[in-house]
Amino acid sequence: FFQRLLAWRRPQHDATRAMASLRLLRRGCCTAPAGFAQPSRVWGKSSLRCGALGMKCGMTQAWQPDGKVVPLTIIEVQDVQVVQAKRVPTSEGEGLNLQLGSGWQKRKRLNRPDAGQFESRGLPLKRYLREFRVSEDAQLPVGTTICARHFVPGQFVDVQGTSKGKGFEGVMRRYGFAGQPRSHGHSLSHRSGGSLGGAAGSLYATRVMPGKKMPGRMGGKVRTAHSLLVYRVDAEHGLVYLKGTIPGGKGSLVRLKDATRKRMDTSGRGHHRLPPFPTWLPGDDETGGDVTEAPLARPL
């Protein structure tokens, strides 16, 4: 199953791509944003690092020592690079966004301006571009590679994706309505939604109130799954295993970032080691090897 899913992947290691991007930066092929300084490697109280882009490969399962089944979603993080850094206006003044690129694209599918932003920086063509808000101490130079080691087992992440499109559906499937009785007097109206709340005299408006649950298009919307546990990280193949389900089908694009509802313990006294800040770079400690798992949930 995994051989088919990973067959389209380029046989190149994340560390090799990261070293190549650093060499391009030293040669001047990749440009750093104005005012860029060397990134800090120490977590701060207000530190906010960038996320990553991945592809949903499917689902699998693992077993805990007590016999419980753990549902796992597999996400592949490959060829994610920093394309540019942007200064954007915010309610508090000015913020910093990092634009990440992922996937591969043919040159004939891009016009000259779109292809020029990659060629001028010495980067390969990317299919997807997404932005992440970061703090000043988490700024990264253009060309930096984001790999699966960006996350560590035991931490929580938020995953954003586009849910599967279901088409035009009725109220029973879209909202879980019970429908109408199956008795006499309800011919051909068993799955209807019932009354729309018409007027009762001149005191009420003769219209459908906004927000009324009615039949319509279901799915195909951007949804976020919050606070999912990172169960396992396979750095060799660029895979991140998350506990639970995420929106979207196989092969869809997802955004991963550190959880916002469960703030990370940056004091170093937590039950898991801190993720690398601002990201994993060649030469960092590779604790646990290429495959690491959450210490509190280890399969048989």
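Residues numbered from 1 in each chain as written. Predicted model: local features only at pLDDT ≥ 70, side-chain atom pairs only at ≥ 80, totals over all residues. Heavy atoms only, no water.

A. Representation of helix α3 (residues 112-119) in the model. Of the positions making up α3, those classed as buried are Ala115, Gln117 and Phe118. One side of α3 carries all its buried residues, which in axial view fall inside an arc of 150°. Exposed residues lying more than 90 degrees from the buried face of α3 are Arg112 and Pro113. Buried-residue contacts for α3 involve β3 (80-90), β4 (93-102) and β5 (128-134). (Buried < 20%, exposed > 50% of the residue type's maximum accessible area, 1.4 Å probe, protein only. Helix = DSSP H or I, 4+ residues; strand = E, 2+ residues; numbered from the N terminus. Arc of directions from axis to C-beta. Contact = heavy atoms within 4.5 Å.)

B. Expanded view of unusual backbone geometry. In this model, Phe277 is joined to Pro278 through a cis peptide bond whose omega is -5°. Following the sequence through the fold, Pro278 ends up in the loop between β12 (253-258) and β13 (291-293). Of note in the backbone geometry, Asp79 takes a positive phi value of approximately 55° without being a glycine. Within the secondary structure layout, Asp79 lies in the loop between β2 (69-76) and β3. Since its relative accessible area comes to 5%, Asp79 is described here as buried. Phi at Leu188 takes a positive value of approximately 60°, unusual for a residue other than glycine. One can find Leu188 in the loop between α4 (171-175) and β9 (216-218).

C. Seen up close, the pairing of strand β11 (residues 239-243). Extensive coverage of β11 is indicated by the burial of four of its five residues. Looking at chain direction, β2 and β11 are connected through five bridges and run antiparallel. Within β11, the position partnered with Ile75 by the bridge is Val240. Where strand β10 (residues 222-234) lies against β11, four bridges are found, and the strand directions are antiparallel. Across the sheet, the residue bridging to Val233 is Val240, located in β11. Between β10 and β11, which follow one another and run antiparallel, lie four residues, and Gly238 among them has a positive phi close to 70°. (Pairing = 2+ DSSP bridges.)

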